[in-house]
Amino acid sequence: QVQLVESGGGLVQAGGSLRLSCAASGRTFSSDAMGWFRQAPGKEREFVAGISWSGSSTYYADSVKGRFTISRDNAKNTVYLQMNSLKPEDTAVYYCAANSLGTSRLRLGVAPYWGQGTQVTVSS
């Protein structure tokens, strides 16, 4: 069974940091683009960050550029999201996703594999 399992969410004060992890199992994702999305209450799900299968290319939403960093460890079948300088508007459920068709489709939310999400809450 293919699974993506997020961890690392929690409650943090504004200006703080969190590191999210997404561990994949069931098959290797070393050839897949992977990424992070988030959904705040009452809002649409939005793209946050994406990374190519090799890790050589990364993409970010303008709202997180310069504050968030996506990385991956293919040997561990895991992708990470380092979130610094967190703001209350970053509060959302964060989801991991994987797509073998590349980052351009992934950024549009086209992905056959999704995690269950992890809650990030930033207090002011």
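This is a predicted model, so every value here is computed, not measured.

By size, the foremost hydrophobic cluster in this structure holds 27 residues, and its most contacted members are Met34, Trp36, Leu81, Met83 and Tyr94. Every element with two or more residues in this core is listed here: strand S3 (18-25), strand S4 (33-39), strand S5 (46-51), strand S7 (68-73), strand S8 (78-83), strand S9 (92-99) and strand S11 (118-123). Among the nonpolar cores identified, the runner-up in size contains six residues, and Ala33, Phe37, Phe47 and Ala111 belong to it.

A few words now on the pattern of salt bridges. A side chain with one charge may pair with a side chain of the opposite charge, provided their charged atoms come close. One pass over the structure, following the stated rule, counts five salt bridges. Salt bridges here are not isolated pairs; linked through shared partners, they connect Arg38, Glu46, Arg67 and Asp90.

With that settled, consider the packing of aromatic side chains. In this structure the tally under the stated criterion is three aromatic pairs. Measuring from ring centre to ring centre gives 5.4 Å for Phe29 and Tyr113, while their planes differ by 85°; the resulting arrangement is edge-to-face. In this pair, Phe29 sits in the loop between S3 and S4 while Tyr113 sits in strand S10 (residues 113-114), placing the two residues 84 residues apart along the sequence. Owing to a relative accessible area of 0%, Phe29 belongs among the buried residues under this scheme. An aromatic cluster of at least three residues, connected via ring pairs, comprises Phe37, Phe47 and Trp114. Positioned above the aromatic ring of Tyr80 is the side chain of Arg19, whose terminal nitrogen or guanidinium carbon lies 4.0 Å from the ring centre. It is Arg45 that lies over the ring of Phe37; its NZ or CZ is 5.7 Å from the centre.

Definitions and cut-offs
Residues numbered from 1 in each chain as written. Predicted model: local features only at pLDDT ≥ 70, side-chain atom pairs only at ≥ 80, totals over all residues. Heavy atoms only, no water. Core = buried A, V, L, I, M, F, W, Y, C linked by side-chain atoms within 4.5 Å. Buried < 20%, exposed > 50% of the residue type's maximum accessible area, 1.4 Å probe, protein only. Helix = DSSP H or I, 4+ residues; strand = E, 2+ residues; numbered from the N terminus. Salt bridge = Lys/Arg side-chain N within 4 Å of Asp/Glu carboxyl O. Phe/Tyr/Trp six-rings, centres within 6.5 Å; stacked < 30°, edge-to-face > 60°. Lys NZ or Arg CZ within 6 Å of the ring centre and 35° of its normal.

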